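Fold and contact review
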Amino acid sequence: MKNTPNTSVRNIAIIAHVDHGKTTLVDAMFKQSGVFREGQVTDDRLMDSMDLERERGITIAAKNCAINWNNTKINIIDTPGHADFGGEVERALSMADGAILLVDASEGPLPQTRFVLNKALQKGLKIIVVINKIDRDDARPAEVLDEIYSLLIDLDATDEQIEFPLLYAIGRQGVAMKSPDDEGHNLHLLLDMIVKEIPAPATIEGEPFQMLVSDLSYSDYLGRLAIGKIINGSVASRKNLVCIHEDGKLVPLKISKLQVYSGIGLQETPEAFAGDIIVLSGIEDVNIGDTICTGEAPKALPRIRVDEPTVFMNFTNNTSPLAGRDGKLVQMSKIRARLIKESLMNVSIRVEEAEDKETIIVKGRGEFQMVILIETMRREGFELCVGRPQVIFRYDQGKKLEPIENLLIDCEAVYSGTVTEKLLRKKGSLTRMEHRDNGRVRLEFSIPSRSLIGYRDEFLTDTRGTGIMNSAYAGYEKYRGDFPARFTGSLVSDRQGNAVPFALFNLEARGNLMIQPGDDVYEGMVVGEHSRSNDLNVNPTKTKNLTNMRASGKDEAVILTPVLPMTLEKSIQFIGDDELVEVTPKIIRIRKTILSMHGRKVERRGVAA
């Protein structure tokens, strides 16, 4: 048997850091390849189909689309640029035969670019490099190209991978050129290069049908959808097949509908061949990593393996006095079912039952991945409580190991001292420092993952909102020691009621408030950040004492300092180990795990004893 390429197909992943122009470039490829008819009105950022992706301007889930160029079908796999969504990257790359590395002409390759590129190189994918945004005033394409070479060498790329084809682009204008000094007119150079340089998917001639399930989706009309690339053979609609699970069990199935990607949508096809990325309907019992093949010759493909989780959070149902007011899905059984469903759709998330049976432990790649999951659930109508993110420690020959990250900081030189001091205090070590011509400094740290939990807001404050912070998982190293996670306490309500302006005005001297007049409060709810390190029980419902004696002076109007609403990310970064974030579809609150003031005293005494 010999390898035979399917020359009519190219499968390519696009690798880029957040905000380096990946989605904009894909939009331009759509428009110039004839996906849309002339004059058709289309949205920008077509691949960012989720509401959260459009709101945050990032790619969260890997997605597929397809264009046709010179009689060749190009399947484009959009990969997330954030390291927390590494599981999406790993399953997406299982369908690709090559990759476009898109790098900003000013920022250069960043840590999360490194993470995804490393995965592509390990799979032996052919790389095309595109240096984007060369029209920026601070563009430095020559230096960025040198940084890309250094990165590839650092990642042990082969000689063939280092001798990559190179183009320069302005994604917003939809142009690509061979030199930054050339005048570009369209993306034809890039499309031609994909067809020429990216290898066609190879298949073993004579082998029966085999497909690796790389993604799952759901349709209200067709049920569960299995997505993946055909490795060998061909398949026709209505054919009887089998699914091989992780334990080797064979489950018979019948394809009700066979679809391939066309543009950003799907198109039904009677038959598909090796190298095609297909969508199978009518398959209920299937998981990511399973092999779908013929019943006559069942043979499993290597499963998709992803890096282990590094962070976990505790999820539980909402037990506050205000539970059930906003959400329609509040039962623990429904929260558990939703999390299990997420673990089936997302290979990097693990779900485990806690010993108390009332808490679910969700393990993932980072706090941002957890935030996206929680935000998605609250928009679906769930009401729940979540604890502080905690890193997963490992033990090797009695030594305690912890996850370490490579952190890259880009800030103005005047703030670099404050940033460095705080990160060194958090057990980080400065590995590189580079001064730029524009008065900014680039700092690189090796730092424990736990040090970055809750640090992002502090960093933005320290750099007056001008700093850029990116990190990527680097592996496990020896535990670096303890450090204080938070220097402030909480202002905790000691009773239930409604917040009153008079009470809040008097509490402003105690710290920063998180609530406004009229907000519902209850015993154990955190209403502000105490300026000192201890917790303080307060009464935010206290009204002014009224008497029948006339005051000698008139009452002064109460003017409160405006309160910034607590977002989900801020809340998760703020809470301590004895606190929870109460998440409902309409509001975010912070509360103590033990609501009763007396119960917390008893708990403290028990710990002290």
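Residues numbered from 1 in each chain as written. Predicted model: local features only at pLDDT ≥ 70, side-chain atom pairs only at ≥ 80, totals over all residues. Heavy atoms only, no water.

Glancing now at the confidence of the model for the chain. For the chain, mean pLDDT is 82; residues scoring 70 or higher make up 89% of the total. Confidence, read as mean pLDDT per element, is least for helix α2 (residues 51–56) in the chain (54) and greatest for strand β23 (residues 384–386) (92). pLDDT under 50 marks residues 39–43. Its contacts with residues more than four places away, or in other chains, come to four contacts. (pLDDT = per-residue confidence, 0-100. Helix = DSSP H or I, 4+ residues; strand = E, 2+ residues; numbered from the N terminus. Contact = heavy atoms within 4.5 Å.)

This part covers unusual backbone geometry. If you check the backbone angles, Asn70 has positive phi at about 50° while not being a glycine. Checked against the element boundaries, Asn70 lands in the loop between β3 (63–69) and β4 (72–78). Phi at Arg238 is positive, roughly 70°, even though this residue is not glycine. Tracing the chain through its elements places Arg238 in the loop between β12 (234–236) and β13 (240–244). Residue Arg238 is classed as exposed on the basis of its relative accessible area of 56%. (Buried < 20%, exposed > 50% of the residue type's maximum accessible area, 1.4 Å probe, protein only.)

Here the focus is the sheet that holds strand β19 (residues 291–293). Spatial strand order, β14-β13-β19-β10-β11-β18-β15-β16: eight strands in an open sheet with antiparallel pairing. In the strand order of this sheet, the two ends are held by β14 (250–254) and β16 (265–268), each with one partner. Taken over all neighbouring pairs, the strand axes of this sheet differ in orientation by 40° on average, direction set aside. Strand direction decides the pairing type here: β13 and β19, joined by three bridges, are antiparallel. Across the sheet, the residue bridging to Val242 is Cys293, located in β19. (Pairing = 2+ DSSP bridges. Axes fitted to C-alpha atoms, helices over the stretch in contact; angles between N-to-C directions.)

For the rest of this paragraph, the subject is the pairing of strand β18 (residues 277–281). For β18, the tally of buried residues reaches five of five residues, placing the bulk of the element in the interior. Of the two faces of β18, the one carrying Ile277, Val279 and Ser281 and the one carrying Ile278 and Leu280 are both buried. With five bridges joining them, strand β11 (residues 223–232) and β18 adopt antiparallel strand pairing. Bridge pairing in β18 links Lys229 to Ile277. Both strand β15 (residues 257–262) and β18 contribute to a ladder of four bridges, which runs antiparallel. Bridge pairing in β18 links Lys257 to Ser281.

Turning our attention to the environment of Leu536. Along the chain, the position of Leu536 falls in strand β35 (residues 536–538). Along the chain, Leu536 and Ser490 lie 46 residues apart, while their C-alpha atoms are 6.3 Å from each other. Setting aside anything within four residues of it in sequence, one finds Leu536 in contact with Ser490, Leu491, Val492, Arg510 and His530.

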